[in-house]
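Geometric and topological summary
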Amino acid sequence: MSINYAEKIPNNVELGSNRTLQRALEQWQPAFLNWWKELGPTDFQANDVYLRTAISVDAKGWAHYDYVKMPEYRWGIFLADPEHDRRVGFGDEFGKPVWQQVPGEHRSALRRLIVTQGDTEPASVEQQRLLGHTAPSLYDLRNLFQVNVEEGRHLWAMVYLLHAYFGRDGREEAEELLARHSGDADNPRILATFNEPIRDWLSFFMFTFFTDRDGKFQLKSFAESSFDPFARTCKFMLTEEAHHMFVGDTGIARVVRRTLEVMSETGSDDPDTVRHAGAVDLPTLQRYLNFWFSSSLDLFGADASSNAAQYFATGIKGRPDEKKFADHLAAGTSFDLEIPDGSLGTRVDTIPMRNAMNEVVRNAYVDDCMKGLTHWNRILEAAGHAYRFTLPSTRFRRGIGSWANIPTDPAGNRITQEAYDAQLGSWLPSDDDRAFVGSLMQRVTEPGKMAGWIAPPDKGVKDRPVDYEYVRVV
Ligand code: BYC
Ligand code: FE
Ligand code: FE
């Protein structure tokens, strides 16, 4: 039987004429659909959702909007257009032609990075699977599902690379991507943040703001890779990533707006008063922010990393926007790292620049996060309110790198373990905070209506009004 691949799996990788790839994907697809049904969004699988589907990479085709039932979403395989005569942009191979096949000596490093990237995509879908039950509006429900199907597509993107370029062990890794599960005691997801539960929409917005943003920076680093199919795959994924961060940024902004309304109505900024009126008090938002930001910082790896140096030297993984740097070799230069010393102090350790690449990328990420905070703080300022959100120090609550398990306060000052243990509960969401936020999570399904803890969005999706029926729930 012949399958119309362009129709079933939209692609620009000539899937229709590649028998080996077809066979691998045909085997994997039923497993993917089973996984989606078991560990994807609970319920709503039979409902029509107003979704964007990528059907080609050009400006018109990549964003096609229509009602789709999620299991019928056409998870496609797209690479950004090739760049004529593209050359290695950094490291020891600078200026040589990029690779269209995987060089034998870089095979295991590339496979490891593709698997780590691929692992996060289905992990996030698993983390978010229950949120549909408590969506604050149909608009938000639709955005959740848009993010979910696209993370599913990102998994397809990595599975395509594994199937097309890594033979038998690539196929085995592709199966493993569906076997590990977020939070599973025996077979968890690879990176810690992707095993943290996302039980409420505040966590979802923080996650899409802070954790999807790690995705942005990792994908931008891979978009520079000398392994050209990998670079082009990641470049296209970035077009979808922008919407995920938009959901987080505007989601938090809408919560802040609603809280400000309630504070103005009640004439009080006392957290208990705000909570009694059914909104999220600002200090609780700050604690959620502290949690997801500090967790996401670990995703950049150790600040001094010989792995990172190796990836850069060999041309496997670059820096985001590598073209903006003057020196693409980073061979003779160094980086000053501030690390903890033995006695509650810090000292400077000068390390080779290449070993500091994780830290360079992390710092760029922190700057980018700051822009979101500025957005939220401007809303507070415009309302004449004195409260401001702050980003914790990159030393705070770290589990990876020089600052792992070093007790500091959110400002990054070293403190004793006792002082840390005594105060950590007040810096992160408490059980009580989570229970309160949980109590607000009531599902709203009337088109255009919002739950009481969140303001409506400025506009709807793709020229549709806010009260459009984004998900047909009946
Ligand atoms: N949790 O030498 P290091 C996304 C491990 S998000 C647990 O610094 P390296 C998305 C590390 O594996 C983007 N373990 O490592 C967002 C290593 O273990 P081994 C995801 C961690 O390689 C939302 C050891 O610690 N993409 O797309 O320089 C929704 C030493 O570390 C963690 C990628 O991550 C952690 N947080 O850097 C959906 C890109 N961090 O080998 C999707 C691919 C480190 O000693 N991954 N370890 O056993 C990489 O580029 C690198 O693996 C890392 C780590 C940057 C993550
Ligand atoms: Fe993704
Ligand atoms: Fe994402």
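What comes next is a walk through the structure. Since this is a predicted model, take the numbers as computed values, not measurements. (Residues numbered from 1 in each chain as written. Chains lettered and ligands numbered in written order. Predicted model: local features only at pLDDT ≥ 70, side-chain atom pairs only at ≥ 80, totals over all residues.)

**Details of the packing of helix α3 (residues 107–127) against helix α5 (residues 167–179)**
- For the pair α3 and α5, interaxial distance at closest approach is 9 Å and the crossing angle is 30 degrees. When the axis of α3 is compared with that of α5, the two are roughly parallel. The handedness of the crossing between α3 and α5 comes out as right-handed. Contact with α3, carried on its side by Arg111, Val115, Gly118, Asp119 and Pro122, involves Glu173, Leu177 and Leu178 of α5 and no other residues of that element.
- Residues that form the contact of α3 with α5 fall into these classes: four nonpolar, one polar and three charged. (Axes fitted to C-alpha atoms, helices over the stretch in contact; angles between N-to-C directions. Helix = DSSP H or I, 4+ residues; strand = E, 2+ residues; numbered from the N terminus. Parallel < 35°, antiparallel > 145°, perpendicular 65-115°, else oblique. Left-handed = near helix turned anticlockwise from the far one by under 90°. Contact = placed C-beta atoms within 7 Å. Nonpolar A, V, L, I, M, F, W, Y, C, P; charged D, E, K, R; others polar.)

**A closer look at the site of ligand 1**
- Lining the immediate environment of ligand 1, one finds 24 residues, of which Ser124, Gly215, Gly301, Ala302 and Asn307 sit closest.
- Counting residues per element, the ones that place at least two in the shell around ligand 1 are α3, α6 (201–222) and α10 (306–314).
- Broken down by element, the shell around ligand 1 gets its largest block of residues, six residues, from α3.
- Among the residues making up the shell around ligand 1, the classes are represented as eight nonpolar, eleven polar and five charged. (Near = placed C-beta within 6 Å.)

**Observations regarding unusual backbone geometry**
- Not every positive phi belongs to a glycine, and lysine 462 is a case in point at roughly 50 degrees.
- Topologically, lysine 462 is positioned in the segment after α13 (431–440).
- Even without a glycine there, the phi angle at aspartate 463 is positive, about 65 degrees.
- Counting through the fold element by element, aspartate 463 comes out in the segment after α13.
- Look at aspartate 463 and you get exposed, because 8 C-beta atoms sit within 10 Å. (Buried ≥ 20, exposed ≤ 12 C-beta atoms within 10 Å, placed from the backbone.)

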